[in-house]
Amino acid sequence: MILGLSFTASLSAQSDTITVPNNAEFYLRNSNSEGEANIIFMYGAPDNTWIPLAGDWDGDGITTIGLFEPILAVFHLRNSNSEGVTDVSFPYGQGNADWLPVVGAWQ
């Protein structure tokens, strides 16, 4: 569920997975298989409608996390899979438009 309890998506061609409950904890696993998360950390604010993202935001070949704030149409991106402040934040699109972000290498 995007705005509910969890979100699961492929992080990269290496079959990584990401799960983000609505408490702003990221649970990252290095394979698409059963088992414990390899990395757990907080990012974002709990109990919000932000949408989790994954991509290579700085072109270094490493997939990291991000969040999309749909009410204001603002992206909040991290360049490491860890807690901390946003590395890059920018508005894109129209807020409250029910749009969903799409991640890709648009070259």
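In this report, the structure presented in the accompanying data block is examined. (Residues numbered from 1 in each chain as written. Predicted model: local features only at pLDDT ≥ 70, side-chain atom pairs only at ≥ 80, totals over all residues. Heavy atoms only, no water.)

1. A short note on the sheet that holds strand S5 (residues 51-55)
The condition that has to hold: Two strands make a pair as long as DSSP finds a minimum of two bridges between them. Secondary structure is summarised from DSSP: a helix means a run of H or I of at least four residues, a strand means a run of E of at least two, and numbering begins at the N terminus for each. An axis is simply a line fitted to the C-alpha atoms; with a helix, the fit covers only the stretch in contact. Between two such axes, the angle follows the N-to-C directions and lies from 0 to 180 degrees.
The sheet built from 4 strands is open, its strands ordered S5-S6-S7-S8 with antiparallel pairing. Every other strand in the sheet has two partners, leaving S5 and strand S8 (88-91) as the edge strands with one partner each. Adjacent strand axes in the sheet meet at a mean angle of 20°, parallel and antiparallel pairs treated alike. By the bridge criterion, 5 bridges tie S5 to strand S6 (residues 64-69) in an arrangement that is antiparallel. Bridge pairing in S6 places Leu53 opposite Gly66.

2. Notes on a nonpolar patch on the surface
The test is simple: Any residue with relative accessible area above 30% and no salt bridge may belong to a patch, with like charges joined within 9 Å and the nonpolar Val, Leu, Ile, Met, Phe, Trp and Tyr side chains within 5 Å. What sets the accessible areas is the Shrake-Rupley method with a 1.4 Å probe; for residues, cover comes only from the shown protein chains. Any Lys or Arg side-chain nitrogen found within 4 Å of a carboxyl oxygen on Asp or Glu counts as a salt bridge.
A cluster of nonpolar side chains, Val88, Phe90 and Tyr92, forms an exposed patch at the surface whose accessible area comes to about 300 Å². Relative to the helices and strands, Tyr92 is located in the segment after S8.

3. Remarks on the pattern of salt bridges
What the rule picks out here adds up to 1 salt bridge. Ionic pairing is found between Arg78 and Asp87, a salt bridge with its closest N-O pair at 3.6 Å.

4. As for unusual backbone geometry
Under the convention used in this document: Each residue is placed in one exposure class: buried if its accessible area under a 1.4 Å probe, protein chains only, is under 20% of its type's maximum, exposed if it is over 50%, and partly exposed if it falls in between.
With a phi close to 55°, Asn96 is a non-glycine residue in the positive phi region. Within the secondary structure, Asn96 sits in the segment after S8. Under the relative-accessibility criterion, Asn96 is labelled exposed at 59%. Residues other than glycine seldom take positive phi values, yet Asp98 does so here, at roughly 60°.

5. Overview of the packing of aromatic side chains
The following threshold applies: Only the six-membered ring of Trp is used, alongside the rings of Phe and Tyr, when aromatic pairs are assigned; centres must lie within 6.5 Å, and planes under 30 degrees apart are stacked while those over 60 apart are edge-to-face, with the rest tilted.
Overall, the coordinates contain 4 aromatic pairs when judged by the stated rule. Consider the rings of Phe26 and Tyr43, whose centres lie 6.2 Å apart with planes at 55°: the pair is tilted. Taken together, the residues Phe26 in strand S3 (residues 25-29) and Tyr43 in the loop between strand S4 (39-42) and S5 connect sequence positions 17 residues apart. Tyr43 gets classed as buried once you look at its relative accessible area, which sits at 5%.

The values reported here are purely geometric and, on their own, carry no functional implication.
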